[in-house]
Every structure is written in C-alpha cells, then in structure tokens.
Amino acid sequence: MAFFIETVFGGLMAGMLYALVALGFVLIFKASGVFNFAQGAMVLFAALAMARFAEWYPQWLGFDSLLLANVLAFITAALLMFVVAWLIEALVLRHLVNQEGATLLMATLGITYFLDGLGQTLFGSDIYQINIGMPKDPVFILEGMFEGGILINKEDLIAAGIAAALVAGLSLFFQKTATGRALRAVADDHQAAQSIGIPLNRIWVIVWCVAGIVALVAGMIWGSKLGVQFSLTTVALRALPVIILGGLTSVPGAIVGGLIIGVGEKLSEVYLGPLVGGGIEIWFAYVLALVFLLFRPQGLFGEKIIDRV
C-alpha cells in the first residue's frame with residue numbers, strides 16, 4: 001500500500017508540472033482563439049533567460065548572493081517575456097484578426113522557430129543550470145502509518161507547491177479583478193466584449209504576458225530539475241494530452257487533466273510496464289488522449305470548439 005501511495009504521489013507531483021505548461025495553452029486559446037504552438041518555445045526562452053541572467057548578474061554587479069541573483073534574474077526574465085508578448089501582439093496577432101484558425105496556427109509555429117533561434121543567439125546553446133536552492137534529497141513521510149514510510153522527493157514537493165500557488169493566484173486574478181473579468185468576457189464572446197468597450201488588443205497583450213509568466217515559472221522548475229537545454233521545448237508536447245483530456249477552454253480542466261495524466265503515467269509504468277517491456281510512460285498519455293477523443297472530444301470540462309468558431 002505504501003508503494004502504491006508513493007507512486008500516486010509522484011504522479012501528482014509530475015501532473016502539476018504538466019498542468020502548468022498546459023495552462024499557457026488554455027489561457028491564450030480562451031482569450032484569442034489561438035492554439036499557441038509556441039508555448040514550448042516560450043518555456044525554453046524564459047528558462048534560458050532565467051539561467052543566464054542568474055549567472056551574469058553576479059559577474060556584472062560583483063556579489064555572491066544566490067537569492068539576489070535569482071530574484072534579479074526572475075524579474076529581468078519576466079520583463080523580457082512581457083516585451084516578447086507585446087511584440088507578438090503588435091507584429092503578428094494584430095495583423096491576423098479574424099483570420100482562419102490554420103493561419104493563426106502557422107503563425108505560432110513561426111513564432112516557435114523565431115524564439116528558438118533568438119534564444120540561441122542571445123543566450124547560447126549549451127546546457128545551463130538553474131539553481132533556485134530547491135533540495136534534491138528525498139525524505140520519508142508517514143512513517144507512523146506505513147512501515148518504512150513513504151519516500152518523496154523534496155524538490156518535487158516544492159515544485160508542485162509553486163505550481164499550485166501560481167494556479168491559485170491566477171484563479172483569484174480571473175475571478176476577483178476587473179482585468180480578469182474582462183479576460184473572461186473576451187473568452188466568452190470577442191464581439192460582445194468589444195461592443196462594450198473592452199479593447200481586444202490590450203487584452204491579448206495581457207493574456208500573452210500572463211502566459212509568459214506561466215512559461216517562466218514552468219521553465220524555472222523544469223530547468224532546476226533537468227537543466228536548461230533545447231529539448232525543453234518538447235515539454236509542450238507533454239501538455240497536449242493534458243489539454244485534450246481536460247479541455248482546451250478550461251483552466252480547471254488543465255489542472256485535473258495534468259493530475260490524471262501524471263498519476264496514470266506513473267501507475268501504468270509501474271504496474272503495466274513490466275508486462276509490455278517497459279517504456280509505457282512515454283506513450284501512455286497520448287494513447288489515453290486519443291481514446292478519450294473518441295468519446296468526448298471537447299474534454300472533461302471544455303466546450304465544443306466548433307461552437308466557438
């Protein structure tokens with residue numbers, strides 16, 4: 001029983017990180033109807049900026065504080081993502097209003113390659129580390145309930161806590177602020193929101209900025225765990241089954257879908273992997289998503305995309 005709980009707990013930790021990346025897709029699609037294939041490139045670009053500025057600031061300013069370096073690097077990377085968001089809206093989206101979905105999709109693919117190349121030009125193409133001080137050593141919990149306790153990774157626990165805090169903050173932002181309500185109005189009906197004076201261009205900039213911050217936090221966590229490398233763009237592919245399962249238009253769906261995928265991957269690898277030769281964790285999520293498309297293509301909490309278009 002302890003091993004089962006340990007496996008489920010590890011899946012929940014991974015699922016929160018998947019949900020964090022999926023959240024970027026959902027936010028942008030809800031506000032603009034754009035399926036943003038550039039989200040993975042945004043995660044990589046933000047993580048590269050965080051890693052390199054954390055390395056450069058101590059050299060430039062002559063201090064040794066890891067905390068100060070990370071704070072300055074995070075602020076700088078966040079500002080850089082704001083600039084990227086503004087440029088995407090001003091140079092790309094503004095000129096593609098009311099275009100076909102395929103046109104917008106191709107535009108985000110172009111943004112993906114541009115950000116990949118720009119990141120390599122500005123920050124280099126080596127593997128970089130993000131050291132935000134998260135402990136790497138595992139710890140045993142619930143030793144009184146289970147013999148030997150349950151082994152968990154402190155880094156996974158802290159990362160899941162950061163992701164959960166960000167999701168909670170975004171939920172409050174959407175529910176309690178005037179800007180959040182405007183974002184939800186735009187998500188429901190672009191034309192109706194515009195008719196009551198909500199400026200779509202400004203809303204799109206805001207939502208891309210929010211998605212940029214989500215990408216930065218996701219990149220910071222994944223970079224701390226795995227190192228910042230260009231394969232980090234494939235993290236976005238891990239989020240695709242999540243948004244299929246949870247729904248492309250639902251923030252709660254991204255969270256629930258991420259948790260389901262995370263737990264499902266871990267359990268399938270542990271209990272089904274030995275029966276099929278292992279490696280099931282790599283493809284399990286995609287098979288689950290494809291099967292789910294047959295019965296509920298809009299996802300658990302999403303609405304039918306055809307109704308939006």
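Caption draft 1: Quick look at the overall build of the protein chain. If you tally the helices and strands in the protein chain, you get 12 helices and two strands. Element order for the protein chain, N to C, with α for helix and β for strand: α-α-α-α-β-β-α-α-α-α-α-α-α-α. Taking 2.2 N^0.38 as the reference for a compact globule, 309 residues should give roughly 19 Å; the C-alpha atoms of the protein chain span a radius of gyration of 20 Å, in line with that estimate. Projected onto the principal axes, the alpha-carbon positions of the protein chain cover approximately 65 × 60 × 35 Å. For the protein chain, with 309 residues in total, the buried portion stands at 48%. Of all intrachain contacts in the protein chain linking residues separated by at least 6 positions in sequence, the fraction that spans at least 24 positions is 73%. Accessible surface computed for the protein chain: about 14600 Å², of which carbon and sulfur atoms make up 67%. Here the protein chain carries 15 positive and 19 negative side-chain charges, and the mean point of each set is 10 Å from the other.

Caption draft 2: Looking closely at helix H11 (residues 280-295). The end-to-end C-alpha distance of H11, which contains 16 residues, comes to 23 Å, matching closely the 22 Å that a straight helix rising 1.5 Å per residue would cover. Listed as buried for H11 are Ile280, Phe284, Ala285, Ala289 and Phe292. Along the axis of H11, the buried residues cluster in a sector spanning 160°; they form a single face. More than 90 degrees from the buried face of H11, the exposed residues found are Ile282, Leu290 and Leu294. Looking at the buried side of H11, the elements it contacts are helix H9 (235-246) and helix H10 (251-276).

Caption draft 3: Here's a closer look at the side chain of threonine 7. Following the sequence through the fold, threonine 7 ends up in helix H1 (residues 2-32). Setting aside residues up to four positions removed in sequence, threonine 7 forms contacts with Lys266, Leu267 and Val270.

Caption draft 4: Fine view of the pairing of strand S2 (residues 150-153). In S2, alternate side chains face the same way, and those of Ile150 and Ile152 are buried while those of Leu151 and Asn153 on the opposite face are not. Of the pairings in the sheet, the one linking strand S1 (residues 138-141) to S2 comprises four bridges and is antiparallel in character. Bridge pairing in S2 places proline 138 opposite asparagine 153.

Caption draft 5: Highlighting the nonpolar core. Counting residues in each nonpolar core, the largest one holds 94 residues, and the members touching the most others are Leu20, Leu23, Leu27, Leu170, Trp208, Trp222 and Val228. Residue contributions to this core peak at 18 residues, all from helix H8 (residues 200-226).

Caption draft 6: Representation of the packing of aromatic side chains. Counting across every chain of the model gives 12 aromatic pairs. Considering the side-chain rings of tyrosine 57 and tryptophan 60, the 5.6 Å spacing of their centres and the 80° angle between planes classify their relative orientation as edge-to-face. One end of the pair, tyrosine 57, and the other, tryptophan 60, are both in helix H2 (residues 39-61), three residues apart, so they sit about a helical turn from each other. Taking relative accessible area as the criterion, tyrosine 57 reaches 16% and is therefore assigned buried. An aromatic cluster is built from Phe45, Phe53, Trp56, Tyr57, Trp60 and Phe123, whose rings are joined through pairwise contacts.

Caption draft 7: Expanded view of the packing of H2 against helix H4 (residues 101-123). Relative to each other, H2 and H4 sit at 10°, their axes nearing to 9 Å. With respect to their mutual orientation, H2 and H4 come out roughly parallel. Remark: the crossing between H2 and H4 carries left-handed chirality. Contact residues: Ala41, Met42, Leu44, Phe45, Leu48, Ala49, Arg52, Phe53 and Trp56 in H2; Thr112, Leu115, Asp116, Leu118, Gly119, Leu122 and Phe123 in H4. Class assignment for the residues of the contact of H2 with H4 results in 12 nonpolar, two polar and two charged.

Caption draft 8: Representation of the environment of alanine 178. Of note, alanine 178 is situated in helix H6 (residues 178-188). A residue is classified by how much of its surface remains accessible, and alanine 178, at 55% relative accessible area, is exposed. For the pair alanine 178 and glycine 24, spaced 154 residues apart in sequence, the C-alpha to C-alpha distance is 21 Å.

Caption draft 9: Broad picture of the packing of H2 against helix H3 (residues 66-91). Two numbers describe how H2 lies on H3: the axes approach to 8 Å, and their chain directions differ by 135°. Between H2 and H3, the crossing angle belongs to the class labelled oblique. Judged by the twist between their axes, the crossing of H2 over H3 is right-handed. Together, Met42, Phe45, Ala46, Ala49, Met50, Phe53, Ala54, Tyr57, Pro58 and Leu61 of H2 and Ala69, Asn70, Leu72, Ala73, Phe74, Thr76, Ala77, Leu80, Met81 and Val84 of H3 make up the contact between the two elements. Residue classes in the contact of H2 with H3 are distributed as 18 nonpolar, two polar and no charged.

Caption draft 10: Geometry of the side chain of aspartate 116. In this structure, aspartate 116 sits in helix H4. Comment: no salt bridge for buried aspartate 116; closest opposite-charge side chain is arginine 52, at 15 Å. If near-sequence neighbours (up to four positions away) are discounted, aspartate 116 is found in contact with Ala41, Leu44, Phe230 and Thr233.

Cut-offs used in this document
- Residues numbered from 1 in each chain as written.
- Predicted model: local features only at pLDDT ≥ 70, side-chain atom pairs only at ≥ 80, totals over all residues.
- Heavy atoms only, no water.
- Helix = DSSP H or I, 4+ residues; strand = E, 2+ residues; numbered from the N terminus.
- Rg over C-alpha atoms; globule rule 2.2 N^0.38 Å.
- Buried < 20%, exposed > 50% of the residue type's maximum accessible area, 1.4 Å probe, protein only.
- Contact = heavy atoms within 4.5 Å.
- Areas by Shrake-Rupley, 256 points an atom, 1.4 Å probe, with all protein chains shown as cover.
- Lys, Arg positive; Asp, Glu negative; His and termini not counted.
- Charge placed at Lys NZ, Arg CZ, Asp CG, Glu CD.
- Expected span 1.5 Å × (residues − 1).
- Arc of directions from axis to C-beta.
- Pairing = 2+ DSSP bridges.
- Core = buried A, V, L, I, M, F, W, Y, C linked by side-chain atoms within 4.5 Å.
- Phe/Tyr/Trp six-rings, centres within 6.5 Å; stacked < 30°, edge-to-face > 60°.
- Axes fitted to C-alpha atoms, helices over the stretch in contact; angles between N-to-C directions.
- Parallel < 35°, antiparallel > 145°, perpendicular 65-115°, else oblique.
- Left-handed = near helix turned anticlockwise from the far one by under 90°.
- Nonpolar A, V, L, I, M, F, W, Y, C, P; charged D, E, K, R; others polar.
- Salt bridge = Lys/Arg side-chain N within 4 Å of Asp/Glu carboxyl O.

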